[in-house]
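Residue strings, one per chain:
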Amino acid sequence: QVQLAESGGGLVQAGGFLRLSCAASGRTASSYVMGWFRQAPGKEREFVAANTGSGGTTSYADSVKGRFTISRDNAKNTVYLQMNSLKPEDTAVYYCAARLGIVTSDYKRYNDWGQGTQVTVSS
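For every chain, the first residue of the written sequence is number 1, and numbering continues from 1 along that sequence. A pLDDT threshold of at least 70 governs which residues receive local features in this predicted model, and a stricter bar of 80 or more applies before side-chain atom pairs are shown or counted, although totals over entire chains, interfaces and linings include all residues. Side-chain metrics rest on all non-hydrogen atoms present in the structure, leaving aside hydrogens and water.

### Regarding the overall build of the protein chain
Each helix is a run of H or I in the DSSP string that is no shorter than four residues. Each strand is a run of E no shorter than two, and both are numbered from the N terminus. When you go through the protein chain residue by residue, the secondary structure sums to zero helices and eleven strands. Starting at the N terminus, the α and β elements of the protein chain follow one another as β-β-β-β-β-β-β-β-β-β-β. Taken over C-alpha atoms, the radius of gyration comes to 13 Å for the protein chain, in line with the 14 Å a tight globule of 123 residues would show. Projected onto its principal axes, the C-alpha positions of the protein chain cover 40 × 30 × 25 Å. Per-residue burial over the protein chain gives 46% buried out of 123 residues. For the protein chain, the exposed surface amounts to about 6,100 Å²; the carbon and sulfur share of it is 47%. On the protein chain, the mean spot of the 13 positive side-chain charges and the mean spot of the 9 negative ones are 3 Å from each other. We compute the radius of gyration from the C-alpha atoms alone; for a globule the expected value is 2.2 Å times N to the 0.38, where N is the number of residues. Classification of residues uses two cut-offs on accessible area relative to the type maximum, computed with a 1.4 Å probe and protein chains only: under 20% is buried, over 50% is exposed, and between them is partly exposed. Working definition of accessibility: Shrake-Rupley area with a 1.4 Å probe, residue cover restricted to the visible protein chains. Positive: Lys, Arg. Negative: Asp, Glu. His and the chain ends are not part of the count. By convention, charge coordinates are those of NZ in Lys, CZ in Arg, CG in Asp, or CD in Glu.

Have a look at this one:
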């Protein structure tokens, strides 16, 4: 099991940027697939991005391709989500999650979750 803690959320205007961080502890993050998900009020949790420990396999939701970038610093056991050109529809609580195995967009297949960080994009 790995413990995850997100940070970096906040309020930003449309067109702005934020960088979310997810610090992992308990196990080495490089052993895990790490993913970012988000959930807006009244909506189901949705996939944003994920990658393998080596970064060799990366996947993005179509809605964020070209705007968001997932990256890792395995020495710091930290995963990042750089979010550029933010839109009001990006407003949600953002969660990082971990699993062993392959990259998947199915949130039900992730075992460990952080507490979430709120991102609000104003128009």
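Read on, since the account is not over.
### Section: the sheet that holds strand 8 (residues 78–83)
As summarised here, the arrangement of the four strands in space is 1-3-8-7, forming an open sheet in which the pairing is antiparallel. Both edges of this open sheet fall to strand 1 (3–7) and strand 7 (68–73), since each of them pairs with a single strand only. Sheet twist, expressed as the average angle between the axes of neighbouring strands with direction ignored, equals 20 degrees. Inspection of the sheet shows strand 3 (residues 18–25) paired to strand 8 by six bridges, in the antiparallel sense. If you follow Ala 23 over to strand 8, its bridge partner there is Thr 78. Whether two strands pair comes down to DSSP finding at least two bridges between them. Lines fitted to C-alpha atoms define the axes here, with helix axes fitted over just the stretch in contact, and angles between the N-to-C directions of these axes take values from 0 to 180 degrees.

### Concerning the state of the cysteines
To count as a disulfide, a pair of cysteine sulfur atoms needs to be within 2.5 Å. Counted by the stated rule, this structure contains one disulfide. Residue pairing for Cys 22: its cysteine sulfur links by disulfide to Cys 96, the two sulfurs lying 2.0 Å apart. Linking Cys 22 and Cys 96, the disulfide has an S-S dihedral of approximately 55 degrees and is accordingly described as right-handed. Placement of the pair is Cys 22 in strand 3 and Cys 96 in strand 9 (residues 92–99), with a sequence separation of 74 residues. The burial state of Cys 22 is the same as that of Cys 96; both residues are buried.

### A look at the packing of aromatic side chains
Aromatic rings from Phe, Tyr and Trp, with only the six-membered ring used for Trp, were paired whenever their centres fell within 6.5 Å, and each pair was classed as stacked if the ring planes differed by under 30 degrees, edge-to-face if by over 60, and tilted otherwise. Tallied over the entire structure, the rule returns five aromatic pairs. Where Phe 37 meets Phe 47, the ring centres are 5.7 Å apart and the plane angle is 70 degrees; that geometry is what we call edge-to-face. Remark: Phe 47 occurs in strand 5 (residues 46–51) and Phe 37 occurs in strand 4 (residues 33–39); sequence separation between them is ten residues. Each member of the pair Phe 37 and Phe 47 is classed as buried.

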